[in-house]
Amino acid sequence: MESKTIEKRQDTFKELLIEQFKKTPIIQIACQRVGVGRASYYRWKDEDEDFAQASEEALCEGKLLVNDMAESQLISEIKNKNMTAIIFWLKHNHPSFSTRVEIITKKKGLELSDEEKGLLEKALELSALIPKVEEVKNE
């Protein structure tokens, strides 16, 4: 009888957590608001596949909500003529303002020699546009 009571209480907490994730997609904060320890959340997630899926979906829904709120605030700042907000929006939403690298060559064909490929790769590494070969190997 006692295990049924515990299961029922856990199910209630799981439902509350899922609803909280939809509003606040931060595990620590959601757990605190519901009164559940993070360790319990992760244990339930490992033990209950349905809960794991439902909580991931709720976290995703919550992140979309926060993204909408953030975008709304950004648009408000653009309306207030905040140049930082304007620049941010243009760099991320307008192709003419995006950060890009343009490589121009006098060579007619598209094929680069091995030496040219090496020089190009080195130039991109130095400009920090691609990770260094050693960094990729260490990952």
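Up top is the structure.
Just so you know, these numbers come straight off a predicted model, no measurement behind them. (Residues numbered from 1 in each chain as written. Predicted model: local features only at pLDDT ≥ 70, side-chain atom pairs only at ≥ 80, totals over all residues. Heavy atoms only, no water.)

Visitor: Is there a simple way to explain the overall build of the protein chain in this structure?
Guide: Looking only at helices and strands, the protein chain has seven helices and zero strands in total. With 139 residues in all, the protein chain has 18% of them scored as buried. Nonlocal contacts in the protein chain, meaning residues at least 24 apart in sequence, comprise 35% of its contacts between residues at least 6 apart. Taken as a whole, the protein chain presents about 11,300 Å² of accessible surface, with 55% of it coming from carbon and sulfur. (Helix = DSSP H or I, 4+ residues; strand = E, 2+ residues; numbered from the N terminus. Buried < 20%, exposed > 50% of the residue type's maximum accessible area, 1.4 Å probe, protein only. Contact = heavy atoms within 4.5 Å. Areas by Shrake-Rupley, 256 points an atom, 1.4 Å probe, with all protein chains shown as cover.)

Visitor: Even after reading the chapter, I still don't get the pattern of salt bridges, so can you show me in this structure?
Guide: Two side chains with opposite charge may pair up if their charged atoms get near one another. All chains considered together, the criterion is met by three salt bridges. A salt bridge links Lys-45 to Glu-56, with the shortest nitrogen-to-oxygen separation between them at 2.9 Å. Residue Lys-45 is located in helix 3 (residues 38–47), and its partner Glu-56 is located in helix 4 (residues 49–79); the two are separated by 11 residues in the primary sequence. Here Lys-45 falls in the partly exposed class, since its relative accessible area comes to 24%. On the accessibility criterion, Glu-56 (38% relative accessible area) is partly exposed. (Salt bridge = Lys/Arg side-chain N within 4 Å of Asp/Glu carboxyl O.)

Visitor: Help me understand the packing of aromatic side chains in this model?
Guide: Given two aromatic rings, their pairing is described by the distance between the two centres and the angle made by the two planes. In total, this model carries four aromatic pairs according to the counting rule given. Note on Phe-21 and Tyr-41: the rings are 5.4 Å apart at their centroids and 80° apart in plane angle, and the pair reads as edge-to-face. Taken together, the residues span a long stretch of sequence, with Phe-21 in helix 1 (residues 2–23) and Tyr-41 in helix 3 at a distance of 20 residues. No difference in accessibility class separates Phe-21 from Tyr-41, as the two residues are buried. Ring geometry for Tyr-41 versus Phe-51: centroids 5.9 Å apart, planes at 75°, classification edge-to-face. A residue pair is termed long-range when its members are at least 10 positions apart, and Tyr-41 in helix 3 and Phe-51 in helix 4 qualify at 10 residues. Across the pair, exposure class does not vary: Tyr-41 and Phe-51 are buried alike. Linked through ring pairs, Phe-21, Tyr-41, Tyr-42, Trp-44 and Phe-51 together constitute an aromatic cluster. (Phe/Tyr/Trp six-rings, centres within 6.5 Å; stacked < 30°, edge-to-face > 60°.)

Visitor: Explain the environment of Gly-62 here, please?
Guide: Within the secondary structure, Gly-62 sits in helix 4. Spatially, the C-alpha atoms of Gly-62 and Glu-19 are 9.3 Å apart, while their sequence positions differ by 43 residues. In contact with Gly-62, other than residues within four places in its own chain, are Phe-21, Lys-22 and Pro-25.

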